[in-house]
Amino acid sequence: MSQHLWLRCEKKEFERRAALSPKNAKALIDAGFTIHVERDKQRIFDDAEYESVGCILEENNSWSNVPKDIPIIGLKELPLSDDPLPHTHIQFAHCYKSQAGWSAVLARFYKGGGKLYDLEFLTDDTGRRVAAFGFHAGFAGAAAGALALASIQAGETPGHLYPYVNETEMVKAVEEKLGDSDKKTRALVIGALGRCGRGAVDLFRKIGLEEDNILKWDMDETAKGGPFQEILDVDIFVNCIYLSSKIPPFVTHEHINAAGPGRRLRVIVDVSCDTTNPFNPIPIYNINTTFKEPTVPLTVSPGNPSLSVISIDHLPTLLPREASEQFSSDLLPSLLQLPQRETARVWVEAEKLFNSKLKEAVQVEGL
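The protein goes by Saccharopine dehydrogenase in an unreviewed UniProt entry, where it is assigned to Thelephora ganbajun.

1. Points about the packing of helix α4 (residues 134-153) against helix α6 (residues 195-206)
Orientation of α4 relative to α6, taken along the N-to-C sense of each, is 40°, at an axis distance of 6 Å. By the criterion of interaxial angle, the relationship of α4 to α6 is oblique. The two elements α4 and α6 cross, and the hand of that crossing is right-handed. Taken together, the residues of α6 that come into contact with α4 (itself represented by Gly134, Phe135, Ala137, Gly138, Phe139, Ala142 and Ala143) are Arg195, Cys196, Arg198, Gly199, Ala200, Asp202, Leu203, Phe204 and Lys206. Tallied by class, residues from the contact of α4 with α6 come to nine nonpolar, three polar and four charged.

2. Describing helix α11 (residues 345-365)
Taking 1.5 Å per residue as the helical rise, α11 with its 21 residues ought to reach 30 Å, and the 30 Å between its terminal C-alpha atoms agrees with that figure. Those residues of α11 that sit buried are Val346, Trp347, Ala350, Glu351, Phe354, Lys357, Leu358, Ala361 and Val362. Projection of α11 onto a plane perpendicular to its axis shows the buried side chains occupying an angular sector of 150°, all on one side. Set apart from the buried face of α11 by more than 90 degrees, the exposed residues are Lys352, Lys359 and Gln363. The inward-facing, buried residues of α11 contact β5 (88-91), α3 (102-112), β6 (115-118) and α10 (320-335).

3. Points about α10
At Ser329, α10 shows its largest bend, some 30°, and a proline, Pro333, comes one to four positions later. Buried residues of α10: Pro320, Ala323, Ser324, Phe327, Ser328, Leu331, Leu332, Ser334 and Leu335, and no others. Looking at the buried positions of α10, the neighbouring elements they touch are β1 (4-7), α1 (22-30), β4 (72-73), α4 and α11.

4. Notes on the sheet that holds strand β11 (residues 296-297)
Taken in spatial order, the six strands of this open sheet run β8-β7-β9-β10-β12-β11, and their pairing is mixed. What marks the edges here is a single partner per strand, and that holds for β8 (214-217) and β11. Bridge analysis of strand β10 (residues 267-270) against strand β12 (residues 308-310) gives three bridges, and the strand direction is parallel. Bridged to Ile268 within β12 is Val309. Each of β9 (236-239), β10 and β12 is contacted by α4, which is oriented at about 160° to β10, the strand it contacts most.

5. So, the pattern of salt bridges
If you walk through the whole model with that rule in mind, you get 17 salt bridges. When the shortest N-O distance is used, the salt bridge between Glu49 and Arg321 registers 3.3 Å. Here Arg321 lies in helix α10 and Glu49 lies in helix α2 (residues 47-51), a separation of 272 residues in the sequence. A residue is classified by how much of its surface remains accessible, and Glu49, at 24% relative accessible area, is partly exposed. A relative accessible area of 32% means that Arg321 is categorised as partly exposed. The residue Arg205 makes a salt bridge to Glu211 at a minimum N-O spacing of 2.8 Å. What makes Arg205 partly exposed here is its relative accessible area of 42%.

6. Some remarks on unusual backbone geometry
For the bond from Gly226 to Pro227, the omega torsion is 0°, close enough to zero to count as cis. Checked against the element boundaries, Pro227 lands in the loop between α7 (219-222) and α8 (229-232). We note that Phe14 has phi near 70°; this positive angle belongs to a residue other than glycine. Tracing the sequence through the fold places Phe14 in the loop between β1 and α1. Positive phi is not limited to glycine here, since Ser98 has a value of about 60°. On the basis of relative accessibility, which here comes to 43%, the residue Ser98 falls in the partly exposed class.

Calculation notes
Residues numbered from 1 in each chain as written. Predicted model: local features only at pLDDT ≥ 70, side-chain atom pairs only at ≥ 80, totals over all residues. Heavy atoms only, no water. Axes fitted to C-alpha atoms, helices over the stretch in contact; angles between N-to-C directions. Helix = DSSP H or I, 4+ residues; strand = E, 2+ residues; numbered from the N terminus. Parallel < 35°, antiparallel > 145°, perpendicular 65-115°, else oblique. Left-handed = near helix turned anticlockwise from the far one by under 90°. Contact = heavy atoms within 4.5 Å. Nonpolar A, V, L, I, M, F, W, Y, C, P; charged D, E, K, R; others polar. Expected span 1.5 Å × (residues − 1). Buried < 20%, exposed > 50% of the residue type's maximum accessible area, 1.4 Å probe, protein only. Arc of directions from axis to C-beta. Bend = angle between axes of the 7 residues up to and from the residue. Pairing = 2+ DSSP bridges. Salt bridge = Lys/Arg side-chain N within 4 Å of Asp/Glu carboxyl O.

Put into structure tokens, the structure is as follows:
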């Protein structure tokens, strides 16, 4: 019997990425899958691209009406609701690290009898994620930070961010906006050895920052514990770490204000964007920003230079086609094992984690 898989539309504003590209949908079809794809004008791939490789096009946002035995795949979390979820969902749900509202999200699966395979926690036998948007998140985050810095230096408010056709066009746009100031701009990337950090460093190199002006920090540099003066001594700070336990904060309000008028730091890009995570090492803001309004200004002491934070939780959609192709290709080997998910390690481990978190949520929600 053919394994059915349903690619749902994305409801998050400005989200243009897809968990499954037409190229990899075809690979699944060639392996015997039946792929259903909801029509979606927002998605970077046209509906016709999927249809041409043999996918079955379905009505937009119609997944809730399909048979319960068909897994639903998407990227971003579902819109807030109390409706029970009876299907198996493959997506980023952002509910396993005690984020705000985490237990209510999982309660929907408990009430509906459904299952969650969280894309963030699909791992190989070494514990490494099988698919991640890290590189493009870091690359796009660094670009957003550089664009914001250029606007602030020009006395402007950072404006609406729009997706780029490819990395080359993004780099060109940032170079033009920064102008000659890229030669003296200094940036610090924490988590520089990971996928996300490598992406941020790559962007800074490609827009022309001097190598000595790109500070690359990882666990060795942060081992002494923050707050860190070095963060205040650069123009752009990009946080790329994956955090699962409490550590001293990298920067605090007190730390920022104590620096006085001589503080150089003007833009913080929190690519990790765990805004409601109790372990967040940048506890100076509490909202996610958007492509429409990419920065949030922090309150600083009178006479001190302004400081803005970028905390967009889907930065890779600034490069939607490249990011989707890469992620989908990385995910493909695991999706090919979906028919054997009762025994395939990657799916067995993901289900075990889901059941553990579901048990915690049931207790929290009093179900």
